[in-house]
Each structure stands twice: as C-alpha cells, then as structure tokens.
Amino acid sequence: MENSGRTTIGKTVLSMAITAVTVMMIVECAAAEQLYKVGSRGWIPNYNYTDWLNQSHEHFYVGDWLLFVFDKHSYNVLEVNETSYENCNDQGFIKNITRGGRDVVQLTEARRYYFLSSGGYCWNGMKVAINVEDFAPTPAPASSTENGSPSNIVSRQMIILIAFCVALEWMVLFL
Ligand SMILES: *[C@@H]1O[C@H](CO)[C@@H](O)[C@H](O)[C@H]1NC(C)=O
Ligand SMILES: *[C@@H]1O[C@H](CO)[C@@H](O)[C@H](O)[C@H]1NC(C)=O
Ligand SMILES: *[C@@H]1O[C@H](CO)[C@@H](O)[C@H](O)[C@H]1NC(C)=O
C-alpha cells in the first residue's frame, strides 16, 4: 500500500492521541475507588481471612468498597470494634452490613475496620480486619502485574476501556 506521507503522519498523530487518552484513563481508573470481594470463596466459615489478606497483598484506601458474598440464612456481617473482633463478641456492634447476601460497605475513614459473623461462626474464622490507608499512591507502571493476578480487583470497566483503545489504535494503524 503506497500511503502518502501526510496520511502516515495523520495516523501517527491520531495513534499518539489515542495512546495519551488510554494512559489518562488507566491513571484515573487506578486512582478511583475499587470494589474488593472479601475472600476468594466469599464469606464462609473455616477460611482464614488473615491468610487471604496476606496472600492477596491488597491495599485498601479511603473510598474503596468491600463486597461480602454469603448465605444470608446462615451468616451475617457486622462491623465491630477491635475488642469485639478479638473476642468474637457480636453484641453492641457498630454497624450491621447484612442485607441480601451480596452486601457492600464503603471504607470511608483511614483506620482499621473489623468485621465478623455472629451465630458462633466468628469462632470458625468468619472475621476479618481491614487496614484502610489515607490515599492511593501514584500508580507505578508495573504495579498491576507485580503481584500476579489482581484477582480481587473488580475492574471490568477498565479492561473494556483498554481493549477498546487498543482495538481503535490497531484500526488507525493498519486500515
Ligand atoms: C467495643 O464494643 C463493645 C460492645 O459494644 C463494648 O462493650 C466495648 O466497650 C467496646 N470497646 C472499646 C474499646 O470501645
Ligand atoms: C442485620 O440486618 C438484617 C437486615 O436488615 C436483619 O435481618 C438482621 O436481623 C440484622 N442483624 C442483627 C444482628 O441486627
Ligand atoms: C489464620 O492463620 C494465621 C497463621 O497463618 C493464624 O495466626 C491466625 O490465628 C489464623 N486466624 C484464624 C481466624 O484462624
């Protein structure tokens, strides 16, 4: 294909513009609040949520959301204080998160949050302590891949956006 110089330059400029917009969108998505599903298999007994946190290497920032997925007929989700968390005390909880069994809670403050299930299941491991930090650091280019698969991050929109931009760029370059 014998392209004139002008169209090639036009394509290059357009391609650069699309790349810039893509990068901007990625940065914006990385800074935006995230939704994290608690536990690789949801909110269940006989599962160690401390191990899950250590393995997932996630950081939680103010504005992020937690998603608890559970059988509402057997379990619940209560926010409690540290003492109650340590002692599996479900009396005088701070907040009842329980609704339909796919329940979210926003982490609005930089502090440690404590959640447990009553009904005795806290003794079977249904307790989790989440440390929430003040602000998201500037994302490093490699941050999304360095810990393997970011399995707990629900960022489908971001993937769709990137795929769209890559497809657009290929069209500009090769059609
Ligand atoms: C934690 O909550 C329990 C139950 O409401 C309460 O008795 C206890 O005083 C609280 N502890 C602290 C340190 O606030
Ligand atoms: C928490 O809220 C749910 C839904 O409103 C309710 O069914 C449940 O009884 C509450 N649990 C406690 C311990 O208050
Ligand atoms: C989870 O496992 C750690 C060791 O990896 C242990 O210290 C901790 O007590 C366990 N937590 C629960 C709730 O069983």
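None of these values were measured; they are calculated from a predicted model.

Draft legend 1. Up close: the overall build of the chain. A count of helices and strands for the chain gives four helices and eight strands. Secondary structure elements of the chain occur, N-terminal to C-terminal, as α-β-α-β-β-β-α-β-β-β-β-α. Evaluated residue by residue, the chain yields a buried proportion of 33% over its 175 residues. For the chain, long-range pairs separated by at least 24 residues make up 71% of all intrachain contacts whose partners lie at least 6 apart in sequence. Carbon together with sulfur atoms contributes 58% to the accessible area of the chain, which is approximately 11,000 Å² in total.

Draft legend 2. Region of interest: the environment of arginine 102. When you line up the elements, arginine 102 lands in strand β6 (residues 102-106). Counting along the chain gives 30 residues from arginine 102 to lysine 72, while the straight-line C-alpha distance between them is 8.7 Å.

Draft legend 3. Highlighting the site of ligand 1. Around ligand 1, a shell composed of Asn81, Thr83, Ser84, Gln91 and Gly92 is seen. Contact distances for ligand 1 include 2.4 Å between an oxygen atom and a side-chain N or O atom of asparagine 81. In the complex, 38% of the free accessible area of ligand 1, which totals 360 Å², lies under the protein chains. For the shell around ligand 1, the class distribution of residues is no nonpolar, five polar and no charged.

Draft legend 4. Examining the site of ligand 2 more closely. Surrounding ligand 2, one finds Phe93, Asn96, Thr98 and Arg99. Residue asparagine 96 places a side-chain N or O atom 2.2 Å away from an oxygen atom belonging to ligand 2. Contact between ligand 2 and threonine 98: an oxygen atom at 3.5 Å from a main-chain N or O atom of the residue.

Draft legend 5. Main features of unusual backbone geometry. The phi dihedral of asparagine 46 falls on the positive side, at around 55°, and the residue is not glycine. On the secondary structure map, asparagine 46 appears in the loop between β1 (35-37) and α2 (49-56).

Procedures and definitions
Residues numbered from 1 in each chain as written. Chains lettered and ligands numbered in written order. Predicted model: local features only at pLDDT ≥ 70, side-chain atom pairs only at ≥ 80, totals over all residues. Heavy atoms only, no water. Helix = DSSP H or I, 4+ residues; strand = E, 2+ residues; numbered from the N terminus. Buried < 20%, exposed > 50% of the residue type's maximum accessible area, 1.4 Å probe, protein only. Contact = heavy atoms within 4.5 Å. Areas by Shrake-Rupley, 256 points an atom, 1.4 Å probe, with all protein chains shown as cover. Near = heavy atom within 4 Å. Polar contact = N/O pair within 3.5 Å; in protein donor to acceptor, adjacent residues only side chain to side chain. Nonpolar A, V, L, I, M, F, W, Y, C, P; charged D, E, K, R; others polar.

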